[in-house]
Amino acid sequence: MIIQLCGMSGAGKTTISDIVQRKAAKLYGIRVAVIDGDVYRRTLNRDLGYSKQDRIENIKRLGKVAYQLSRKGIVAIISAINPYRDARNELKRKYPAVKEVFIDCPLEVLIERDTKGLYKKASLPEDHPDKLKNLSGLNDPFEKPEDPDLHLRTDRMETDKCAQQLIKLIVEDTSADLISGSPKST
Ligand SMILES: Nc1ncnc2c1ncn2[C@@H]1O[C@H](COP(=O)(O)OS(=O)(=O)O)[C@@H](OP(=O)(O)O)[C@H]1O
Ligand SMILES: Nc1ncnc2c1ncn2[C@@H]1O[C@H](COP(=O)(O)OP(=O)(O)O)[C@@H](O)[C@H]1O
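What this report covers is the structure whose coordinates are included nearby. (Residues numbered from 1 in each chain as written. Chains lettered and ligands numbered in written order. Predicted model: local features only at pLDDT ≥ 70, side-chain atom pairs only at ≥ 80, totals over all residues. Heavy atoms only, no water.)

Regarding the packing of aromatic side chains
Filter applied, for reference: Note on aromatic contacts: the rings of Phe and Tyr and the six-membered ring of Trp form a pair at centre separations within 6.5 Å, being stacked when their planes are under 30 degrees apart, edge-to-face when over 60 apart, and tilted otherwise. By the criteria applied, helices consist of DSSP H or I runs no shorter than four residues and strands consist of E runs no shorter than two, each listed in order from the N terminus. The rule is simple: take the accessible area with a 1.4 Å probe, protein chains only, and divide by the maximum for that residue type; under 20% is buried, over 50% is exposed, in between is partly exposed.
In this structure the tally under the stated criterion is two aromatic pairs. On the numbers, 4.7 Å between centres and 20° between planes, the contact of Tyr67 with Tyr95 is stacked. Taken together, the residues Tyr67 in helix α3 (residues 52–70) and Tyr95 in the loop between α4 (85–94) and β4 (98–104) connect sequence positions 28 residues apart. Residue Tyr67 is classed as partly exposed on the basis of its relative accessible area, which comes to 22%. Given the relative accessible area of 10%, Tyr95 is considered buried. Arranged with centres 6.0 Å apart and planes meeting at 20°, the rings of Phe102 and Phe142 form a pair that is stacked. Residue Phe102 is located in strand β4, and its partner Phe142 is located in the loop between α6 (118–122) and β5 (150–153); the two are separated by 40 residues in the primary sequence. Residue classification places Phe142 among the buried positions, given a relative accessible area of 14%.

Observations regarding the site of ligand 1
For clarity, the threshold we go by: Summary of the distance rule: residues count as near a molecule or strand when at least one heavy atom falls within 4 Å of that molecule or strand. We define a polar contact as two N or O atoms separated by no more than 3.5 Å, with the added condition that, inside protein, one atom must be a possible hydrogen donor and the other a possible acceptor, whereas residues neighbouring each other in sequence contribute only through side-chain atom pairs. Classification convention: Asp, Glu, Lys, Arg as charged; Ala, Val, Leu, Ile, Met, Phe, Trp, Tyr, Cys, Pro as nonpolar; all other residues, Gly among them, as polar.
The immediate surroundings of ligand 1 are formed by 20 residues, with Ser9, Arg41, Arg55, Asn58 and Lys116 found nearest. A distance of 2.5 Å is found between an oxygen atom of ligand 1 and a side-chain nitrogen or oxygen belonging to Ser9. Within the side chain of Arg41, a nitrogen or oxygen atom sits 2.8 Å from an oxygen atom of ligand 1. Looking at the shell around ligand 1, the elements with two or more residues in it are α2 (37–40) and α3. It is α3 that provides the largest number of residues to the shell around ligand 1, a total of three residues. Within the shell around ligand 1, the residues separate by chemical class into eight nonpolar, six polar and six charged.

Structure follows, in structure tokens:
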């Protein structure tokens, strides 16, 4: 099973993924791997920037990693901004058992959180030397999913509750496979 998250920077993708990984193992014995966009950009994807083309390539590569893990029975969470609808649909078309989860938080709350200082940098005047261009949802596109399998509003629901909902999605899907007696190839 592959869970592809999408959500703007600071929405809570890493926080939720990490809790889900820990609790799924502890409570249900389910192995979860977190494929974090930010982390892979330091290794496999260090040649990529933030253009549309590079972001699409980024998701394509993360999808490949996720698929290899899912074939070993590991639930692979792709934890990336993943802002383009076409890239998300392509993963769903290409691989079996891909779920789409929207980690959603309004821009004004993200600007307030600004855990990495990116929103401040992106809001600088155009000619400022530290100006950050292409920040998804602020000065670059973020295409919201139209019909995600799960939609979590992290400004309205506390962290543990959000994680719990994602675990529920994973457990329900895993149990359905076991009950039907026809485990999918993931
Ligand atoms: N311009 C710009 N736009 C968006 N993000 C930026 C940018 N510059 C740096 N960062 C940092 O890179 C992280 C996003 O990488 P992703 O691989 O998740 O992005 S994407 O899916 O390819 O859009 C993102 O991580 P998260 O904050 O965890 O989302 C940022 O820390
Ligand atoms: N319900 C929530 N779910 C996830 N994170 C939350 C929530 N409420 C507040 N936060 C905070 O928002 C920030 C999210 O940061 P992070 O997980 O790194 O986001 P992302 O990986 O999407 O960039 C953290 O400081 C976290 O404590």
